[in-house]
Amino acid sequence: MEVKTSLLDNMIGVGDMVLLEPLSEDSFIDNLKNRFEHNEIYTYIGSVVISMNPYRHLPIFTPDKVEEYRNRNFYELSPHIYALADEAYRSLRDQDKDQCILITGESGAGKTEASKLVMSYVAAVCGKGQEVNKVKEQLLQSNPVLEAFGNAKTVRNDNSSRFGKYMDIEFDFKGDPLGGVISNYLLEKSRVVKQPRGERNFHVFYQLLSGSSDEALKKLKLHRDFSKYNYLSLDSAAVNGLDDAANFRTVRNAMQIVGFMEDEVQSVLELVAAVLKLGNIEFKPDSRSNGSDESRIKDKNDLKEMCELLGIEQSVLERAFSYRTVEAKSEKVSTTLNVAQAYYARDALAKNLYSRLFSWLVTRINESIKAQGKTRHKVMGVLDIYGFEIFEDNSFEQFIINYCNEKLQQIFIELTLREEQEEYIREGIEWTNIEYFNNAVICDLIENNKNGILAMLDEECLRPGTVTDETFLDKLSTICAEHLHFESRLSKNSKFLTDHTLPHTCFRIQHYAGKVLYRAEGFVDKNNDLLYRDLSQAMYKANHSLIKQLFPEGNPAKVNLKRPPTAGFQFKASVGTLMRNLQTKNPNYIRCIKPNDKKASHIFTDSLVRHQVRYLGLMENVRVRRAGYAFRQPYEPCLERYKMLCKRTWPHWQGPAREGVEVMMSALPVPAEEFSYGRSKIFIRNPRTLFFLEERRRQCLQDLATLIQKIYRGWKCRKHFLLLKKSQIVVSAWYRRYAQQKKYKQIKSATTVVQSYTRGWQARKLLRELKHQKRCVEAVTTISAFWHGTQIRREYRKFFRANAGKKIYDFTIQRIMQKYFLGLKSTLPSMSPIDKSWPARPYLFLGGVHSELRRIFHLWRCKKYRSQFTVEKKAVYEEKLEASEIFKDKKALYPSSVSQPFKGDYLEINKNPKYQKLSIAMEDKVLLADVVNKINRANGKGTARLFLLTKNSVVLADQKTGQVKASVPLPDLASVSVSTQSDGFFALKLKEGSASAVKGDFLLSSEHLIEIITKIHRMGTTAADIDISDEFLVQFKQDKVCVKFIQAVPKNGNSVSCKRKNNRLLEVSVPTTA
Ligand SMILES: Nc1ncnc2c1ncn2[C@@H]1O[C@H](COP(=O)(O)OP(=O)(O)OP(=O)(O)O)[C@@H](O)[C@H]1O
Ligand SMILES: [Mg+2]
């Protein structure tokens, strides 16, 4: 649904001044200020748009904004220039009404910007297409060109238009642009030769010098330096925020788009350069022989260059600056020019050259943008013209400008009133006469053909004799003395004789916008706008097509002795044409206001705005607009907006809108005289009534909003509730289903269990019964079988042997034993005596037999094993066995000896010749021969001795000589002592009283201790006397010495050491075995 908005929504201050209550100048300005401070730069007075210059970029001119305002009613959205442009464009397109947009305001108020905004809006909303876009582009691009040549920096505006511009844009029946026509008014040409302080010449001069390439400048015989040119003021040559070079490129580009040929552009630039050169021509006085004053050109270089540029013969121009020829009928009189006249002539030429160039540019642009085809076009005119000017020093230009504004004001009043009246008639409302100030009387003062100021000025200019500004003022004072809006000191009217604010050289006009004091000086000259014919002829002679065109009066073939029309006359004529043109069109007004003099954003100078409000006649504007009915609105939107104020019209009115409005208004406490019903609109007399309606509407909207909120909340809660309810039902349904399912499953499983138990029970019962039956049957069968058996046996016993049972038993046992032995045979373990395995016992009753057989088998196996041994090997094993019996687990040395074979004769005594003697001396066979250490009792050190063992004795002999040192018969040996450790010490203890015991016992040490002791033991004599202990006594001659074995940490290798501790103690330290 489209939401209808209104200008009245979210208003800051009052969007339409017509609704201002109370209406006064102060409230008017306060409203403007309030809106300006909130960035609302546009305000309406009815259909007139007041535009405040924001002096900064506001984001309200975006394509989105264009879309927002497109095809919307004027009062539907907040005030905007786009609303006006849209309204104008739509009534042009849809109602076939030609439009004009009149933009007025003082310099710097934003007229040119406003005109561009209107044009860009129209360009954006009108049709599209290649051809249409080209036309649009050409129309828009005409602006930069005209601005470069016609705008200048002034103290009031950095881009001040120094000409008036009216542009007709032509559209076809669809509303697509076809082309346009531009009219220009009164270019301020005096600026070409002189600029007020702080101002600049026209932009194009600076742009040309800054933006041209060096080459182009050289071609135009110019220097880049501004200071080289007399016509360019230097004090503000560079303007902040103005990039002349870039602008020059824009202008050249725009000229190209508009359709200028390259040679045309060059000609234009040559003319601009020529004006600059002209300014540099200077004169000096020279006296002629006949005594008359004459001027000479000081430095002819600039003149020469200018002539070269324009293709003029230098001598011709030089002469034109020195002489003036006056033609009267058939006579020609030449007079010389003095220096002042020469300068006057130079400047006049420069001004004319430039202003004609400007007019030519406008004509040339018009040629390009001219609409094709002869069908009637719809026209939208945009007038960007200088506003009312009231300066301290007002001259001819201000007079002309203000005259133009008077005419515009008049047209405004006429058209507004006419429109108002037409609307009343159209709507059938009774017309009440409106009181307002009609400025026709001021227009008459200026333009009256008989005694108007312009007519008198012309008269003075054309009058023979000396004509000065004073004579003109005199004349004015005499003729206009009686006029109510004219004031002068010289007038006979004594009213101003004592008014010292009015100098004698000035006159004052009371314009509709205020009093303006004009200085008469220069009026005559400016009105005459004289250019000596010699100069125009010189220009015509130029070999330059453009300049020739600009000075057609210089053509000697067409000498026209009539004076050219005066500036005032021309202006009056063009203003007249303009007014006639505007009167045929539907006017739309944009009134521009400048908020401050500083070109600054955010500053609102009350006095300045008040001044503008006054001279733009805005209060007058509001009054005229409010004179009858302040507000009017078609019935449909009115009903739409206020229908909530009456129960009968809310929310829908079924009948016609007018009746609805009538019903609604009659229900409201509004006096009947406050409003009137037109044919299509309701007219409201007072803004108060409108605001009353608005206030009621606001209250109603609040109530409605509450109601809507209430209903919405209720609806929302109910919706939520219903959703919850629905969800709850779903949830509970699901839950119930789940619970039932669960319960069912439980019951089902319980049933199954019960069923299975029952079935089980029944089955078991049945089974039991069946089993019972079966057993009964079996029992019966068994009993009957036994019975039969018994019967049969009883019957047959007499036929069987009595001990058959025992035989069967024996047979069975035999069979089992047979099977056992055969089985054992095949599962016997290996023959290795150390194999401990044995097959498992098959029958319990064979337990004893089985283990016995195992023992027997082992013994047999061992026997078999032993039977393989030779005699020697048997002896060795016997010895080893004996050694084991003696030492196993008793002496630490034993384990190491197990693997060593008992060699016996380590010295190979029979073979070694060294021991031959000794071997012979031995009576018996040597069982063991080895080297042993005999331990010395004194120091515990050992001495090597040969140790020999025979069947009967032990012999100790010298190792070197083999001489027998001692021989002990074995029967003399009482016992042998050894330690429990891993040492090789042993003591041979002799029987007391034996022959050998004289020398005492022997304490010896040998590596083959185990073998020696075993072998001695085998001799059978001392077998019971082997003493194994770590402490024993040894008899040395008379003394008994104790030999003690201790364990010690090995030192210096792993050897056993024996030390004498005292007389009775020898300590043997044996390395600890790991
Ligand atoms: N709508 C706007 N938004 C932003 N800046 C603006 C706007 N209107 C005007 N201005 C600023 O104000 C300056 C003066 O505006 P503009 O040239 O339109 O004034 P003018 O009324 O045409 O003056 P003149 O009579 O001297 O030609 C502009 O150069 C621009 O900087
Ligand atoms: Mg302007």
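From a predicted model like this one, the values you see are computed outputs, not experimental measurements.

A.B. asks: An account of the pattern of salt bridges is needed here, citing residue identities and associated values.
C.D. replies: The full count for this structure, using the stated rule, is 61 salt bridges. Residues Glu 423 and Arg 426 are paired through a salt bridge, measuring 3.6 Å at the closest nitrogen-oxygen approach. Taken as a pair, Glu 423 and Arg 426 lie in helix α14 (residues 396-427) at a separation of three residues, close to a single helical turn. Classification of Arg 426 as partly exposed rests on a relative accessible area of 48%.

A.B. asks: Can you explain the packing of helix α5 (residues 130-150) against helix α9 (residues 244-258)? Please cite residues and give values.
C.D. replies: Interhelical geometry of α5 versus α9 gives an angle of 135 degrees and a closest axis separation of 8 Å. In this view, α5 runs oblique relative to α9, as classed from their interaxial angle. Between α5 and α9 the crossing geometry is left-handed. From α5, Glu 137, Gln 138, Gln 141, Ser 142, Pro 144, Val 145 and Ala 148 reach across to α9, where they touch Val 251, Ala 254, Met 255, Ile 257 and Val 258. In terms of residue class, the contact of α5 with α9 is made up of eight nonpolar, three polar and one charged.

A.B. asks: Describe a positive patch on the surface, listing the residues and the values that go with them.
C.D. replies: A cluster of basic residues, Lys 863, Lys 864, Arg 866 and Lys 874, forms a positive patch on the protein surface. With respect to the helices and strands, Lys 863 occurs in helix α28 (residues 847-867). What makes Lys 863 exposed here is its relative accessible area of 54%.

A.B. asks: Any chance you could break down the sheet that holds strand β13 (residues 486-488) for me, citing the residues and the numbers?
C.D. replies: One open sheet holds the three strands; their spatial order is β13-β14-β15, and the pairing between them is antiparallel. At either margin of the open sheet sits one strand with a lone partner, and together these are β13 and β15 (514-519). If you compare each strand with its neighbour and ignore which way they point, the axes differ by 25 degrees on average. Sheet strands in contact with helix α15 (residues 440-447) are β13 and β14 (506-511), and its direction is about 150 degrees off that of β14. Packed onto the sheet, helix α17 (residues 469-479) meets β13 and β14 and runs at close to 45 degrees relative to β14.

A.B. asks: Which residues make up the coordination of the magnesium ion (ligand 2), and what values do they have?
C.D. replies: Taken together, the protein donors to the magnesium ion (ligand 2) comprise Thr 112 (OG1) and Ser 161 (OG), at separations of 1.9 to 2.0 Å. On the criterion of sequence distance, the pair formed by Thr 112 in helix α4 (residues 111-125) and Ser 161 in strand β5 (residues 160-161) is long-range, its members being 49 residues apart. Each member of the pair, Thr 112 together with Ser 161, is buried.

A.B. asks: Please give an account of the site of ligand 1 that cites residues and values.
C.D. replies: Around ligand 1, the surrounding shell holds 17 residues, and the nearest of these are Ser 107, Lys 111, Thr 112, Ser 160 and Ser 161. Residue Asn 53 places a side-chain N or O atom 2.7 Å away from an oxygen atom belonging to ligand 1. The separation between an oxygen atom of ligand 1 and a polar main-chain atom of Ala 109 is 3.3 Å. Relative to its free-state accessible area of 630 Å², ligand 1 is covered by the protein chains to the extent of 84%. Those elements that provide at least two residues to the shell around ligand 1 are α4 and β5. Counting residues per element, the shell around ligand 1 draws most heavily on α4, at three residues.

A.B. asks: Can you lay out a nonpolar patch on the surface for me, pointing to particular residues and giving the numbers?
C.D. replies: Residues Leu 707, Ile 708, Ile 711, Tyr 712 and Trp 715 make up a contiguous nonpolar surface patch of roughly 530 Å² in combined accessible area. With a relative accessible area of 55%, Ile 708 lands in the exposed category.

A.B. asks: Summarise the side chain of Thr 950; cite the residues concerned and give the values.
C.D. replies: Residue position: Thr 950 is located in strand β21 (residues 942-950). If we ignore the near neighbours within four places in the chain, the residues touching Thr 950 are Met 922, Asp 924, Lys 925, Val 926, Leu 927, Leu 970 and Met 1019.

A.B. asks: Report on helix α10 (residues 262-280), specifying residues and quantitative values.
C.D. replies: The terminal C-alpha atoms of α10, which comprises 19 residues, lie 28 Å apart, in line with the 27 Å expected from a rise of 1.5 Å per residue. For α10, the buried fraction is high: 16 of the 19 residues fall into the buried class.

A.B. asks: Please give an account of the packing of aromatic side chains that cites residues and values.
C.D. replies: For the coordinates displayed, the defined rule picks out 38 aromatic pairs. Consider the rings of Tyr 735 and Tyr 738, whose centres lie 6.2 Å apart with planes at 45 degrees: the pair is tilted. Within this pair, Tyr 735 and its partner Tyr 738 are both found in helix α26 (residues 687-796), separated by three residues, close to a single helical turn. Taking the relative accessible area as the measure of exposure, Tyr 735 reaches 53% and is therefore exposed. Ring pairs connect the aromatic residues Phe 396, Phe 399, Phe 472, Phe 486, Phe 507, Tyr 518 and Phe 523, which therefore count as one cluster. A cation sits over an aromatic face here: Arg 319 above Tyr 323, 4.3 Å from the ring centre.

A.B. asks: Quick one: what's the story with the state of the cysteines, residue by residue and with numbers?
C.D. replies: In this structure the tally under the stated criterion is zero disulfides. The thiol of Cys 506 is unpaired, and the distance to the nearest cysteine sulfur, on Cys 480, comes to 16 Å. Of all cysteine sulfurs in the structure, the one in Cys 1042 sits closest to Cys 1058, which takes part in no disulfide; the separation is 11 Å. Of the residues examined, Cys 1058 reaches a relative accessible area of 13% and is grouped as buried.

A.B. asks: Account for the nonpolar core, with residues named and values stated.
C.D. replies: Counting 213 residues, the largest nonpolar core has Phe 28, Phe 149, Phe 205, Leu 317, Phe 321 and Phe 507 as its most contacted members. Among all residues touching Phe 321, those that are not within four sequence positions of it are Leu 278, Ile 281, Phe 283, Ser 295, Ile 297, Leu 303, Leu 337, Ala 342, Ala 345, Arg 346, Leu 349 and Leu 535. In this structure, Leu 949, Leu 956, Ala 966 and Phe 986 belong to the second largest nonpolar core, which totals 29 residues.

A.B. asks: Outline the sheet that holds strand β12 (residues 378-384), listing residues and values.
C.D. replies: Strand order across the open sheet formed by seven strands is β1-β2-β16-β3-β12-β6-β7, with mixed pairing between neighbours. In this open sheet, the two strands that pair with only one neighbour each are β1 (42-45) and β7 (177-185). Neighbour-to-neighbour, the strand axes of this sheet turn through a mean angle of 20 degrees, independent of strand direction. Pairing analysis gives seven bridges linking strand β3 (residues 99-105) to strand β16 (residues 586-593), with the strands arranged parallel. Within β16, the position partnered with Ile 101 by the bridge is Asn 588.

A.B. asks: Lay out unusual backbone geometry with the relevant residues and their values.
C.D. replies: Pro 22 follows Glu 21 through a cis peptide bond whose omega is -5 degrees. Tracing the backbone shows Pro 22 in the segment before α1 (25-37). The linkage connecting Trp 650 with the following residue, Pro 651, adopts the cis geometry, with an omega of 0 degrees. Tracing the backbone through its elements, the reader meets Pro 651 in the loop between α24 (635-642) and α25 (657-666). The backbone phi angle of Asp 96 is positive, close to 60 degrees, even though this residue is not glycine. Even without a glycine there, the phi angle at Glu 908 is positive, about 45 degrees. Inspection of the secondary structure assignment puts Glu 908 in the loop between α30 (894-898) and α31 (916-921).

About the cut-offs
- Residues numbered from 1 in each chain as written.
- Chains lettered and ligands numbered in written order.
- Predicted model: local features only at pLDDT ≥ 70, side-chain atom pairs only at ≥ 80, totals over all residues.
- Heavy atoms only, no water.
- Salt bridge = Lys/Arg side-chain N within 4 Å of Asp/Glu carboxyl O.
- Helix = DSSP H or I, 4+ residues; strand = E, 2+ residues; numbered from the N terminus.
- Buried < 20%, exposed > 50% of the residue type's maximum accessible area, 1.4 Å probe, protein only.
- Axes fitted to C-alpha atoms, helices over the stretch in contact; angles between N-to-C directions.
- Parallel < 35°, antiparallel > 145°, perpendicular 65-115°, else oblique.
- Left-handed = near helix turned anticlockwise from the far one by under 90°.
- Contact = heavy atoms within 4.5 Å.
- Nonpolar A, V, L, I, M, F, W, Y, C, P; charged D, E, K, R; others polar.
- Patch = residues over 30% accessible without salt bridge, like charges linked within 9 Å, V, L, I, M, F, W, Y side chains within 5 Å.
- Areas by Shrake-Rupley, 256 points an atom, 1.4 Å probe, with all protein chains shown as cover.
- Lys, Arg positive; Asp, Glu negative; His and termini not counted.
- Charge placed at Lys NZ, Arg CZ, Asp CG, Glu CD.
- Pairing = 2+ DSSP bridges.
- Donors = N, O, S within 2.8 Å, 3.2 Å for Na, K, Ca; no water.
- Near = heavy atom within 4 Å.
- Polar contact = N/O pair within 3.5 Å; in protein donor to acceptor, adjacent residues only side chain to side chain.
- Expected span 1.5 Å × (residues − 1).
- Phe/Tyr/Trp six-rings, centres within 6.5 Å; stacked < 30°, edge-to-face > 60°.
- Lys NZ or Arg CZ within 6 Å of the ring centre and 35° of its normal.
- Disulfide = S-S within 2.5 Å.
- Core = buried A, V, L, I, M, F, W, Y, C linked by side-chain atoms within 4.5 Å.

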